[in-house]
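# Architecture at a glance
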Amino acid sequence: MIKIDAIGRKILRELSQDGRISNLELAERVGLSPSACLRRVQELERSGVIAGYRARIDPAKLGLTFLAYVTVGLSTHTKKAQADFEAAMADAPEVRECHNITGAIEFLLRIETEDLSAYKHFHTEVLGMLPQVHSITTYVLMDSPKDERA
């Protein structure tokens, strides 16, 4: 684990809100000189704390207006069943996130589709066809008052 001081946390907070901020603006916001700020950012990148930068995409602008979280329980708890399920999810473009979690079910998925009809197709023809899937529960997203994903 890497120890991050208060300035490092400020840098990370600013970059997580705007990964395209100029070094000059970032330095000003966190109270460092531009050269010291650049060194700090480069060290955070080298150490792997900053794993990369990405664009935040608005799914609605792409016509993906149906968003849901889906829990999936597997029928068998083997390494092969888990690997097969994960491989199927990696190949499914509707699946934007796939998390292996603890509890009564094994996986939590974030699904983005054009509409309910497209989700029903994914639910029936993709998830429903996988032999290792035992249970599927869908939670339709109505709003996201806080979303800090990049």
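None of these values were measured; they are calculated from a predicted model.

Right, let's talk about the overall build of the protein chain for a bit. Regarding its fold elements, the protein chain presents five helices and four strands. N-terminal to C-terminal, the α/β element order of the protein chain is α-α-α-β-α-β-β-α-β. Overall, the protein chain is about 55 × 35 × 25 Å in size when its C-alpha atoms are taken along their principal axes. Counting across all 150 residues of the protein chain, residues that qualify as buried make up 30%. In the protein chain, once contacts between residues fewer than 6 apart in sequence are set aside, the share between residues at least 24 apart is 61%. Of the roughly 10,300 Å² that the protein chain leaves accessible, carbon and sulfur atoms contribute 54%.

Within the fold, I7 resides in helix α1 (residues 6-17). Residues I7 and T65, 58 residues apart in the sequence, show an inter-C-alpha distance of 38 Å.

Considering all chains together, one arrives at eight salt bridges under this definition. A salt bridge links R29 to E14; the shortest N-O distance between them is 2.8 Å. Of the two residues, R29 is situated in helix α2 (residues 23-30) and E14 in helix α1; the sequence distance between them amounts to 15 residues. The exposure class of R29 is partly exposed, given its relative accessible area of 44%. On the basis of relative accessibility, which here comes to 15%, the residue E14 falls in the buried class. A salt bridge links K80 to D84, with the shortest nitrogen-to-oxygen separation between them at 2.7 Å. Highlighted residues: K80 and D84, both in helix α4 (residues 79-90), separated by four residues, approximately one helical turn. Assessed through its relative accessible area of 57%, K80 is described here as exposed. Sharing partners across several salt bridges, the network here consists of E14, E25 and R29.

Rules and cut-offs
- Chains are numbered independently. Their residues run from 1 in the order of the written sequence.
- Per-residue local features are limited, in this predicted model, to residues with pLDDT of at least 70; the limit for side-chain atom pairs, both in listing and counting, is 80 or more; totals at the level of whole chains, interfaces and linings are taken over all residues.
- Note that water and hydrogens are dropped before the side-chain values are worked out from all heavy atoms of the structure.
- A helix here means a DSSP run of H or I that spans at least four residues, while a strand means a run of E at least two residues long, and both kinds are numbered starting from the N terminus.
- For the exposure calls, accessible area comes from a 1.4 Å probe over protein chains only, and a residue counts as buried if that area is under 20% of its type's maximum, exposed if over 50%, partly exposed in between.
- Whether two residues touch is decided by their heavy atoms; if any such pair falls within 4.5 Å, the residues are in contact.
- Shrake-Rupley sampling with a 1.4 Å probe provides the accessible areas, and residues are treated as covered by the protein chains on show and by no other component.
- When a carboxyl oxygen of Asp or Glu is within 4 Å of a side-chain nitrogen of Lys or Arg, the pair counts as a salt bridge.

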